[in-house]
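Below, each chain spelled out in residue letters.
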Amino acid sequence: MAEPETIAKPGIVRSARQDDLPVLLAFEQGIITAERPYDHTLKPDPISYYDIAEKIASDDSEVAIVEVDGLVVGSGFAIKNLSKAYVQDTHHAYLGFMYVRPDYRGRGLNKRLLEHLSAWAKANDLREIRLTVYSDNAPAIRAYEKAGFTSHILEMRLNLDE
């Protein structure tokens, strides 16, 4: 696991623990609420995207949180994923669960989470990081581009019932 990292203005980025689950489950619902306008295919609430407890326990993932003055205000994870058989690296880190409470946005906390998760990926010999973002989510795309991510492939869909 990556070591905790001090961030600007009091706070730390650290590995999540099982006792962080209540707030992490609330963050997951915040992510779902924010993404719902971008994806009409989501089932009605209640839904869940992740098995966060399993990801915290797994050696093949790192769930990180940001704490400011003892309050958990952000989260993200990196998972060791198998890459396509035809690409150079056998595995890559996949990022997800990126969330910062609205009242704490704009303070560089997402950048710190990305740094922590990138360090975990490097420590686990993963040379590439991938993530997915809704194509209409311009604020998220700008944030990831600011962190150095570039568009790579566009996934498209066709629903034959629509």
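Here, every reference points to the structure presented above.
Residues numbered from 1 in each chain as written. Predicted model: local features only at pLDDT ≥ 70, side-chain atom pairs only at ≥ 80, totals over all residues. Heavy atoms only, no water.

(A) Region of interest: the overall build of the protein. Of the regular secondary structure elements, the protein holds 4 helices and 6 strands. The N-to-C order of helical and strand elements in the protein reads β-β-α-α-β-β-β-α-β-α. In terms of overall size, the protein behaves like a compact globule, its C-alpha atoms giving a radius of gyration of 16 Å where 162 residues would be expected to give roughly 15 Å. Referenced to the eigenvectors of the C-alpha coordinate spread, the extents of the protein come out at roughly 50 × 40 × 30 Å. For the protein, the residues scored as buried account for 36% of the 162 residues in total. (Helix = DSSP H or I, 4+ residues; strand = E, 2+ residues; numbered from the N terminus. Rg over C-alpha atoms; globule rule 2.2 N^0.38 Å. Buried < 20%, exposed > 50% of the residue type's maximum accessible area, 1.4 Å probe, protein only.)

(B) Highlighting the nonpolar core. Among the nonpolar cores identified, the biggest contains 20 residues, and Val 66, Leu 109 and Leu 113 are the most heavily contacted of them. The next biggest cluster of nonpolar side chains, apart from the first, holds 14 residues, and it includes Ile 56, Val 63, Phe 97 and Tyr 99. (Core = buried A, V, L, I, M, F, W, Y, C linked by side-chain atoms within 4.5 Å.)

(C) Here's a closer look at helix 3 (residues 109-123). The end-to-end C-alpha separation of helix 3 is 21 Å, in line with the 21 Å expected for 15 residues at 1.5 Å each. Listed in full, the buried residues belonging to helix 3 are Leu 109, Leu 113, Leu 114, His 116, Leu 117, Trp 120 and Ala 121. One side of helix 3 carries all its buried residues, which in axial view fall inside an arc of 160°. Residues of helix 3 that are exposed and point more than 90 degrees away from the buried face comprise Lys 111, Lys 122 and Ala 123. Immediately downstream of helix 3, the backbone of Asp 125 shows phi near 55°, a positive value. (Expected span 1.5 Å × (residues − 1). Arc of directions from axis to C-beta.)

(D) Broad picture of the packing of aromatic side chains. Under the criterion given, the structure shown has 7 aromatic pairs. Note on Tyr 50 and Phe 97: the rings are 5.4 Å apart at their centroids and 70° apart in plane angle, and the pair reads as edge-to-face. In this pair, Tyr 50 sits in the loop between helix 1 (21-35) and helix 2 (52-57) while Phe 97 sits in strand 5 (residues 91-100), placing the two residues 47 residues apart along the sequence. The exposure class of Phe 97 is buried, given its relative accessible area of 1%. With centroids separated by 5.8 Å and ring planes inclined at 75°, the aromatic side chains of Tyr 144 and Phe 149 adopt a geometry described as edge-to-face. One aromatic cluster is present, built from ring pairs that chain together Tyr 49, Tyr 50, Phe 77 and Phe 97. Above the face of the Phe 77 ring, Lys 55 is positioned so that its terminal group lies 5.5 Å from the ring centre. Directly above the aromatic system of Tyr 99 lies the positively charged group of Arg 105, at a separation of 5.5 Å from the ring centroid. (Phe/Tyr/Trp six-rings, centres within 6.5 Å; stacked < 30°, edge-to-face > 60°. Lys NZ or Arg CZ within 6 Å of the ring centre and 35° of its normal.)

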